[in-house]
Amino acid sequence: MTLWLWLGPIAAGIVLLVLLAVTSGRHYRQRLRLQRQVHLLQQHVHQANEASAFVESINQSFIHQAPTAMLLVDENSKLTFANPAAERRFHLSPVHIGLPLIQVVRDHDLDQLVRRVLHGLAPAEAIEIRPPGQDLVLRASAQRIGGQAPRGVAIVVEDLTELHRLEAVRREFVANVSHELRTPLATVKAMVETLQLDGLADIPHALRYLADINREIDHLATLVHDLLDLSRIESGRLELQPRWIDLRRVVEETVDKLVPRCREAGLAISCGSSAEAVLVLADPTRTQQIVQNLVDNAMKFTPPGGTVAVSIDAADSQARVTVRDSGVGIPEEDQPRIFERFYKVDKGRARQDNPGTGLGLAIVKHLVSAMGGEVGVQSSLGRGSSFFFTLPLVRGRIETLEPLEEVVA
Amino acid sequence: MIRHTFVDALERLQQDLLSMGVAVEKQIELAVDALKQRDVAAAERTAAGDAEVDRMRYEIEEVCIELFATQNPMASDLRTVASALIIANELERMGDYAEGICKLTVKMAGEPPLKPLIDIPRMSTIAQAMLRRCLQAFVDRDAAAAEVIWREDDTLDELYHQILRELLSFMIEEPGTITRATYLLWVAHNLERIGDRVSNIAERVIYMVTGRLRIGSAPPS
């Protein structure tokens, strides 16, 4: 009986133990499962963190490298961030962070822009600003950050100075073209009117007028031709026909053709080069045009009795043609602009017997660069000028070339 | 308004003044540029820009009065708000002088230039630099820098008298130049007055920082 009394609790104990073992086993498995899930989640979080850190680093490097200035101000117009471009543009350093924008970038218009965007109706706006005392045109765009309660403004500042300069160049070009076209037209018109009135009665004078009219028309035709040429080259519509040519021969032939004109102008022209062929890949007709324009230009600024010397040499991977004159020379400050269309150092400098169109050097520059070369000038006032152009040299065997007679017109 | 919002308001007031000062500095530059280039359109555009300076002056005045009414500012705060009120007024008057130069440019446009402008642009450059440094002294609360600027006004006065003498000689030699010379004289006078106003602002900065209303020696004549 006492045994039975004992057996009860023991059995209950055993049952309890078994239950405990079973449940703890289940707990254990659950814990394992949970642990696995936690681990998976941790992995996801880690990956997500890594991904967002990656995106963040991409953004950072874009902002860091951007050539446009980027500024961030808080809701009190205080500077909170400036990218390196902004630091350069506005001479900022880390000590400026936290200061009011107007204090670090002294520009009333920019300050007012930020205020309008912070407190006004429009969430974004852009304006043009011209910093005092500097020849700069900037475009500042500002955008509000945050929803109903603005948290700040992001400002992007671009430099439009170059664009404005180009626009001015374009306007100047149009003005120049119309001036250059109108001048000969006015002369022709005046002469025709004189002839119509009573000029025909005086035959010798009338003939001289007709010759003058003819000359003006020739000049106009050349100008129109040059303009069209230039526009074709500039817009890339010019089809070059590059061949392998002996540059030395092309240059010599061109110079030969120009000898009579030089003699007429009272100038001595010479052409010097090595005995060897200088092989380049270039359009022969256009190469002739380049040499002709350079010699023309030299003739224009060299008084009678002067010399024009053309030389060809080859070094490394470049062939170089130089046209040196003993003329008036070009002031240093004008040299960078000499290849611009219609650029004239001084209207009175050119010889009166050869006015030119003002486009020759611009055409040279574009043709040479289309053929992969470069142009340049060295000059000092009163000591003549030396214009040169280069073309890439072809390293080839003469046998592989086409017969020169066929390609050089 | 609790204390920290008052501090915020004072700081905003300071930013407003700085923004207005920078605008006035630019107005002076644009006005003298238009005069130099004899550019009537630019002069008219700049003259119209004075409305913005006037607007800011009223805005600052309103803020100051509101602060007086609601905050009972004491000691240094009181001096700051009071100075802001006066500085805004001085800046506004300087804007008017710039506008005056623009109007003179428009008047002179029809007449041939009397002489190349050398001393007038120089006066303008000096006045602008004085204003710029004065605003910096205001931001930095630098009474010593303000006192230096206050004494510099002499340079402008000397230039003004030089211009006066030169223009008088033109008028005596050739009465036909009297109108043009008088206009130029007014331009120089406006610039000289701008210099005086900068001195006044410098005085206010000294007062704001130190509480001293009068500076040791008599102000430059």
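Throughout this description, residue numbers start from 1 for each chain and increase along the sequence as written. As they are written, the chains are lettered A onward and the ligands numbered 1 onward, keeping that order. Local features in a predicted model are, by the rule used here, given only for residues with pLDDT of at least 70; side-chain atom pairs are given and counted only at 80 or more, and totals for whole chains, interfaces and linings are based on all residues. Just so you know, side-chain values use all the structure's heavy atoms and leave hydrogens and water out.

Draft legend 1. Representation of the pattern of salt bridges. Criterion for a salt bridge: a side-chain nitrogen of Lys or Arg within 4 Å of a carboxyl oxygen of Asp or Glu. A complete count under the given rule lists 36 salt bridges over all chains for this structure. Here A:Arg139 ties to A:Glu158 by a salt bridge, and the two come within 4.0 Å at their closest N and O atoms. Separated by 19 residues along the polypeptide, A:Arg139 in strand β4 (residues 138-145) and A:Glu158 in strand β5 (residues 152-159) bring together distant segments of the chain. Judged by relative accessible area, A:Glu158 falls into the partly exposed class, the value being 31%. Put simply, B:Arg133 and B:Glu152 hold a salt bridge, and the shortest N to O gap is 2.9 Å. Here B:Glu152 lies in helix α6 (residues 143-173) and B:Arg133 lies in helix α5 (residues 119-140), a separation of 19 residues in the sequence. Using a relative accessible area of 26% as the deciding quantity, one classes B:Glu152 as partly exposed. Look at the salt bridges and you will find they share partners, linking A:Asp111, A:Arg115 and B:Asp16 into a network. Strands are runs of DSSP state E lasting at least 2 residues, helices are runs of H or I lasting at least 4, and numbering of each runs from the N terminus. Each residue gets one of three labels from its accessible area relative to the maximum for its type: buried under 20%, exposed over 50%, partly exposed in between, using a 1.4 Å probe on protein chains only.

Draft legend 2. Main features of the interface of chain A and chain B. With 16 residues of chain A at the contact, the number on the chain B side is 19 residues. Once two parts are brought into contact, the accessible area they lose, counted with a 1.4 Å probe and summed over both, makes up the buried area. Both faces combined, the contact of chain A with chain B buries some 1,400 Å², and carbon together with sulfur accounts for 44% of it. On the chain A side of the interface with chain B, the three residues burying the most area are A:Arg106, A:His108 and A:Arg115, jointly 42% of the side's total. Our count for the chain A to chain B interface comes out at 3 salt bridges. Among the salt bridges present, the one from B:Asp16 reaches A:Arg115, with a minimum N-O distance of 2.5 Å. Any pair of N or O atoms that falls within 3.5 Å is considered a polar contact. Within protein, one atom must be able to donate a hydrogen and the other to accept it, and sequence-neighbouring residues count only if both atoms are side-chain atoms. Where chain A packs against chain B, one counts 8 residue pairs in polar contact (both at pLDDT 80 or more). Among the secondary structure elements, those contributing two or more residues to the side of chain A that touches chain B are α3 (101-104) and α4 (108-119) of chain A. Per element, the largest residue contribution to the side of chain A that touches chain B is 5 residues, and it comes from α4(A). Of the residues contributing to the side of chain A that touches chain B, the split by class is 3 nonpolar, 6 polar and 7 charged. Contact definition: two residues touch when any of their heavy atoms are within 4.5 Å. Charged residues are taken to be Asp, Glu, Lys and Arg, nonpolar residues to be Ala, Val, Leu, Ile, Met, Phe, Trp, Tyr, Cys and Pro, and polar residues to be all remaining types, Gly included.

Draft legend 3. Local environment of the pairing of strand β9 (residues 307-315) of chain A. Residue and element names in this part refer to chain A. DSSP bridges decide pairing: two strands pair if at least two such bridges lie between them. Sheet topology places strand β7 (residues 268-273) next to β9; 6 bridges connect them, and they run parallel. Of the residues in β9, the one forming a bridge with Gly 272 is Ser 311. Looking at chain direction, β9 and strand β10 (residues 318-325) are connected through 8 bridges and run antiparallel. Bridging across to β10, Val 310 finds its partner in Val 323.

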